[in-house]
Each structure stands twice: as structure tokens, then as C-alpha cells.
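Commentary on secondary and tertiary structure
The lines below spell out each chain.
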Amino acid sequence: VGATVDESDAPADIGERYSVMTASFPLVDLTRADSAARVRQDAVIGQLQSLGYDVRLMDVNLGNRGEWRRVLVGEFATQAEAKTQANRVRQTTAFTDAQVIRY
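As the structure is a computational prediction, the values presented were derived from the model and not from experiment.

1. A word on the overall build of the protein chain
Helix and strand content of the protein chain: three helices and four strands. Walking the protein chain from its N terminus toward its C terminus, one meets helices and strands in the order β-α-α-β-β-α-β. A total of 103 residues make up the protein chain; the buried ones form 35% of that total. At a minimum sequence separation of 6, the contacts of the protein chain that also span at least 24 residues come to 63%.

Below, the structure is given as C-alpha cells:
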């Protein structure tokens, strides 16, 4: 009889990481002159940094949904660590929909 492993607590494969996505913006919107999306992105980054979070940006191609820029907090080896951070981030009203992503 084999043991069952809960994937959320299992160590990540080499190179697999988790982060907390706090916002995302279509790249096409960010490149426009006088872009409202860029203003919102900068505000999100500033707010997260003022709260003490390590903020990163990641561009991703979502196929037919286009290219997006994700605003991420942290980089974690396990989903459990990322979930803990996501719960902290969600305590701020502006980021109640923050979610864990794997990449």
C-alpha cells in the first residue's frame, strides 16, 4: 500500500516556483501613450512596496488571451509557502483577490 502525498505540501520539482499574483495588465494597454493601465500598474507596485513586499514583474503569453504583465509578490519553493504569503497579501483591501501561481 503506497502512501498518499498531498501535492500542496510536496517539494516542488527543480525549477518549479510559486508566487502570489496581485494584479495583471494586458501588455498592449501598457504600451499605449498616456496609458491608464500603466498608471494603475505603477500604483499597485508602489502600494505593495510601501507595505514591505518584494515585487516582481513577469510577462506571459496566454495564447488567444494575449500577452500580459503580472505583478507578483515573492518567489517560493512550495505552494504552502506561497499560500501563507497570499493570505497576508489578501489582508490589504486592494489585494483581496491575490492568488498563488506556479511557473
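2. A short note on the nonpolar core
Among the nonpolar cores identified, the biggest contains 20 residues, and Val-20, Phe-25, Val-44, Leu-48, Val-71, Val-73 and Val-89 are the most heavily contacted of them. Contributions of two or more residues to this core are made by β1 (18-26), α1 (27-30), α2 (36-50), β3 (67-76) and α3 (79-89). Ignoring anything within four residues of it in the chain, the contact list for Leu-48 reads Thr-22, Tyr-53, Val-55, Val-71, Val-73 and Phe-95. Of all hydrophobic cores here, the second largest spans five residues; its members include Met-58, Val-60, Leu-72 and Ile-101.

3. So, the pattern of salt bridges
Per the counting criterion, the structure on display carries three salt bridges. Between Asp-59 and Arg-69 there is a salt bridge; the shortest N-O distance is 2.7 Å. Taken as a pair, Asp-59 in strand β2 (residues 55-61) and Arg-69 in strand β3 lie far apart in primary sequence, ten residues in all. Residue Asp-59 is classed as partly exposed on the basis of its relative accessible area of 42%.

4. Overview of α3
Taken together, the buried positions of α3 are occupied by Ala-82, Gln-85, Ala-86 and Val-89. All buried residues of α3 fall inside an arc of 105° around its axis, so they share one side.

5. Points about the side chain of Ser-19
Structurally, Ser-19 can be placed in strand β1. Given a relative accessible area of 0%, Ser-19 falls into the buried group. Of note is the side chain of Ser-19, whose polar atom sits 2.5 Å from the backbone oxygen of Gly-74. Not counting chain neighbours up to four residues away, the residues in contact with Ser-19 comprise Arg-56, Leu-72, Val-73, Gly-74, Phe-76, Ala-82, Gln-99, Val-100, Ile-101 and Tyr-103.

The rules behind the values
Residues numbered from 1 in each chain as written. Predicted model: local features only at pLDDT ≥ 70, side-chain atom pairs only at ≥ 80, totals over all residues. Heavy atoms only, no water. Helix = DSSP H or I, 4+ residues; strand = E, 2+ residues; numbered from the N terminus. Buried < 20%, exposed > 50% of the residue type's maximum accessible area, 1.4 Å probe, protein only. Contact = heavy atoms within 4.5 Å. Core = buried A, V, L, I, M, F, W, Y, C linked by side-chain atoms within 4.5 Å. Salt bridge = Lys/Arg side-chain N within 4 Å of Asp/Glu carboxyl O. Arc of directions from axis to C-beta. Polar contact = N/O pair within 3.5 Å; in protein donor to acceptor, adjacent residues only side chain to side chain.

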